[in-house]
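Listed here are the chains, written in short residue letters.
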Amino acid sequence: MNKNKVQVVAATYQVNNDHDESRTHRISASVRIGANNTVESVDAGVVSTLDGQQVANFSRYGTTSGNLNVGFSCAQDKQCEVLDAINGFIADCEEGGVAE
């Protein structure tokens, strides 16, 4: 790539929380990072229990105030816990950017 003519303005990374020993759920997603190192979107998010049972899928478009879409596949009494895990995952992505 000739850096005098083109530049990277955004990149999409496959991200997970496998290195977070305090996690309550395993979460993975495609995270799009903009040129100014902000999270532009989170797509194809999957939330599973630590033993591998999928409990939700999600996506978020836009910056911090963007739309969050969640499809639950767990009991209603577990949904707040799952939502908290999703919001924490997105916050972690926004806080430190995405490590390569």
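We now turn to the structure provided with this report.

Observations concerning the side chain of Ser41
Along the chain, Ser41 falls in strand E3 (residues 39-48). Since its relative accessible area comes to 13%, Ser41 is described here as buried. Residue contacts for Ser41: discarding those within four places in its chain leaves Ser30, Val31, Arg32, Arg60 and Tyr61.

Things to note about the pattern of salt bridges
One pass over the structure, following the stated rule, counts three salt bridges. Note that Arg32 is salt-bridged to Glu40, the shortest N-O span being 2.9 Å. Judged by relative accessible area, which is 31%, Glu40 ranks as partly exposed. When the shortest N-O distance is used, the salt bridge between Arg60 and Glu94 registers 2.7 Å. With Arg60 in strand E4 (residues 54-61) and Glu94 in helix H1 (residues 79-96), this residue pair connects regions lying 34 residues apart in the sequence. On the accessibility criterion, Glu94 (28% relative accessible area) is partly exposed.

Here's the deal with the sheet that holds E3
Reading across from one edge, E1-E2-E3-E4-E5 is the order of the five strands in this open sheet, with antiparallel pairing throughout. A single partner strand is all that each edge strand has here, and the edge strands are strand E1 (10-16) and strand E5 (67-72). Ignoring strand direction, the axes of neighbouring strands in this sheet form an average angle of 10°. With seven bridges connecting them, E1 and strand E2 (residues 26-34) associate as antiparallel partners. Bridged to Ala10 within E2 is Gly34.

What counts as what
Residues numbered from 1 in each chain as written. Predicted model: local features only at pLDDT ≥ 70, side-chain atom pairs only at ≥ 80, totals over all residues. Heavy atoms only, no water. Helix = DSSP H or I, 4+ residues; strand = E, 2+ residues; numbered from the N terminus. Buried < 20%, exposed > 50% of the residue type's maximum accessible area, 1.4 Å probe, protein only. Contact = heavy atoms within 4.5 Å. Salt bridge = Lys/Arg side-chain N within 4 Å of Asp/Glu carboxyl O. Pairing = 2+ DSSP bridges. Axes fitted to C-alpha atoms, helices over the stretch in contact; angles between N-to-C directions.

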